[in-house]
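# Descriptive analysis of the structure
Listed below, chain by chain, are the residues.
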Amino acid sequence: MKSRSVYAKGFPLDATLDEIKAYLSTYGPVEMVQMRRSISEGEKNFKGSIFALFGKKEDTQKFLDSTEPYKGQELLRLLKEAYFKSKEVTRKDRKADGGKKKSEETKEDHTNNITDDDIKEKMERGMILHLNGFAADATRESIKEVFDQYGTVAWIDFVKGDSEAWVRLTGEASAQTVLDKALEAAQGKLLVNDAEIKGNVLEGDDEVAHWKKLLQVQAEVRERKKQGRGDRE
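So, here's what we can say about the structure. All figures in this text were calculated on a predicted structure; none of them were measured in a lab.

### Brief notes about the overall build of the protein
- For the protein, the helix and strand inventory stands at seven helices and 10 strands.
- Every one of the 233 residues in the protein was classed for burial, and the buried ones make up 41%.
- Long-range pairs, those at least 24 residues apart, make up 71% of the contacts in the protein between residues at least 6 apart in sequence.
- Carbon and sulfur atoms make up 46% of the accessible area of the protein, which totals about 13100 Å².

### A short note on helix H1 (residues 17-24)
- Within the sequence span of H1, burial applies to Ile-20, Tyr-23 and Leu-24. Across the axial projection of H1, the buried residues extend over an arc of 95°, all falling on one side.

### What to know about the packing of aromatic side chains
- Under the counting rule described, the total for this entry stands at 12 aromatic pairs.
- An angle of 80° between the planes, with centres 5.8 Å apart, marks the rings of Tyr-23 and Tyr-27 as edge-to-face. Take Tyr-23 and Tyr-27: they sit in the same class, and that class is buried.
- Ring plane angle 65° and centroid distance 5.8 Å describe the contact between Phe-51 and Tyr-83, whose orientation is recorded as edge-to-face. Residue Phe-51 is found in strand S3 (residues 43-54), and its partner Tyr-83 is found in helix H3 (residues 80-96); the two are separated by 32 residues along the sequence.

### With respect to the pairing of strand S7 (residues 164-170)
- The pairing of strand S5 (residues 128-132) with S7 spans five bridges and is classified as antiparallel. Paired with Asn-132 across the two strands is Glu-164, which belongs to S7.
- Pairing geometry for strand S6 (residues 152-157) and S7, over five bridges, is antiparallel. Bridge pairing links Asp-157 to Trp-166 in S7.
- Adjacent in sequence and paired antiparallel, S6 and S7 are bridged by six residues, among which Gly-161 carries a positive phi angle near 105°.

### Notes on the sheet that holds S7
- Taking strand neighbours across the sheet as the criterion, the four strands line up as S6-S7-S5-S10 in an open arrangement whose pairing is antiparallel. Whereas interior strands pair on both sides, the edge strands pair on one side only; in this sheet they are S6 and strand S10 (198-201). Here the strands of the sheet are splayed against their neighbours by 25° on average, with no regard to which way each runs.
- Across the sheet, helix H5 (residues 140-147) is in contact with S5, S6 and S7; its angle to S6 comes to roughly 150°.

### Quick notes on the sheet that holds strand S2 (residues 30-40)
- Taken together, four strands build an open sheet; the order of strands is S2-S3-S1-S4 and the sheet is antiparallel. If you trace the sheet from one side to the other, it starts and ends with S2 and strand S4 (76-79), each paired once. Mean inter-strand twist for the sheet, computed between neighbouring axes without regard to direction, equals 25°.
- As paired strands, S2 and S3 are joined by nine bridges and run antiparallel to one another. Each residue of the ladder has a partner; that of Val-30, found in S3, is Phe-54.
- The sheet contacts of H1 involve S2, S3 and S4, and relative to S2 the element is tilted by about 140°.
- Packing against the sheet, helix H2 (residues 57-65) makes contact with strand S1 (5-9), S3 and S4, and its axis sits at approximately 145° to S4.

### A look at the pattern of salt bridges
- By the definition in use, this model includes eight salt bridges.
- The residue Lys-213 makes a salt bridge to Asp-157 at a minimum N-O spacing of 3.0 Å. One end of the pair, Lys-213, is in helix H7 (residues 204-232); the other, Asp-157, is in strand S6, with 56 residues separating them in the sequence.
- Judged by its relative accessible area of 43%, Lys-213 is partly exposed.
- One salt-bridge network, in which partners are shared between bridges, spans Glu-19, Lys-71 and Glu-141.

### Observations regarding H5
- Listed as buried for H5 are Arg-140, Ser-142, Ile-143, Val-146 and Phe-147.
- The inward-facing, buried residues of H5 abut S5, S6, S7, helix H6 (175-185) and strand S8 (191-192).

### Comments concerning the nonpolar core
- Counting residues in hydrophobic clusters, the biggest one holds 22 residues, and the most contacted among them are Leu-129, Leu-131, Phe-134, Ile-143, Phe-147, Val-167 and Leu-169.
- Elements represented by at least two residues in this core include exactly S5, H5, S6, S7 and H6.
- Counting residues per element, this core draws most heavily on H6, which supplies four residues.
- Listed in part, the 20 residues of the second largest apolar core include Val-6, Ile-50, Phe-54 and Ala-82.

Rules of the game
- Residues numbered from 1 in each chain as written.
- Predicted model: local features only at pLDDT ≥ 70, side-chain atom pairs only at ≥ 80, totals over all residues.
- Heavy atoms only, no water.
- Helix = DSSP H or I, 4+ residues; strand = E, 2+ residues; numbered from the N terminus.
- Buried < 20%, exposed > 50% of the residue type's maximum accessible area, 1.4 Å probe, protein only.
- Contact = heavy atoms within 4.5 Å.
- Areas by Shrake-Rupley, 256 points an atom, 1.4 Å probe, with all protein chains shown as cover.
- Arc of directions from axis to C-beta.
- Phe/Tyr/Trp six-rings, centres within 6.5 Å; stacked < 30°, edge-to-face > 60°.
- Pairing = 2+ DSSP bridges.
- Axes fitted to C-alpha atoms, helices over the stretch in contact; angles between N-to-C directions.
- Salt bridge = Lys/Arg side-chain N within 4 Å of Asp/Glu carboxyl O.
- Core = buried A, V, L, I, M, F, W, Y, C linked by side-chain atoms within 4.5 Å.

Structure, rendered in structure tokens:
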């Protein structure tokens, strides 16, 4: 069972159990999915991470090796056993440091060493839309539906209930081209869930800062996957 049990993190906080099961099932039959929750003000809220049990070891490995995003979001994927080992290492490190509090998400110092030159070399310029004006019921799916028909949406930075979002495009069509086509089709009034949305293409320092955040997340995901594989060897 250990070789078929996985931990995954990075799901939207508004994701449902059925949606996550359907996604995992694309890799093979799933026997169990546990949505991890935290308690805040008496309510149990989804933390964005899960434990799951696949029916076959080969399907488990297929999931662990995949880099496919979930609705535009990067996922951290580990065997469940490797996850608990990494948590134990973190606890020991904190104790050795004299009890200093250190976030698990930022303990990999190398993710903070990304320079502006690194970013400028790796970033795809003119590919990020900044949008605002969303209604409370807007979702990543409703945002993607508007823009995906005019270009390829690679990633959406959005939390349900927020009024703004960032959409990263990839492929031949630039963010400006996609935005212009969407506005033209909507006759100048872009609507998502009946709310009028305003948008612009990130440029200059704003664009560099956003790519830095993205590359740091990707570096952390790669490092944690490497750590998880090392624990399995």
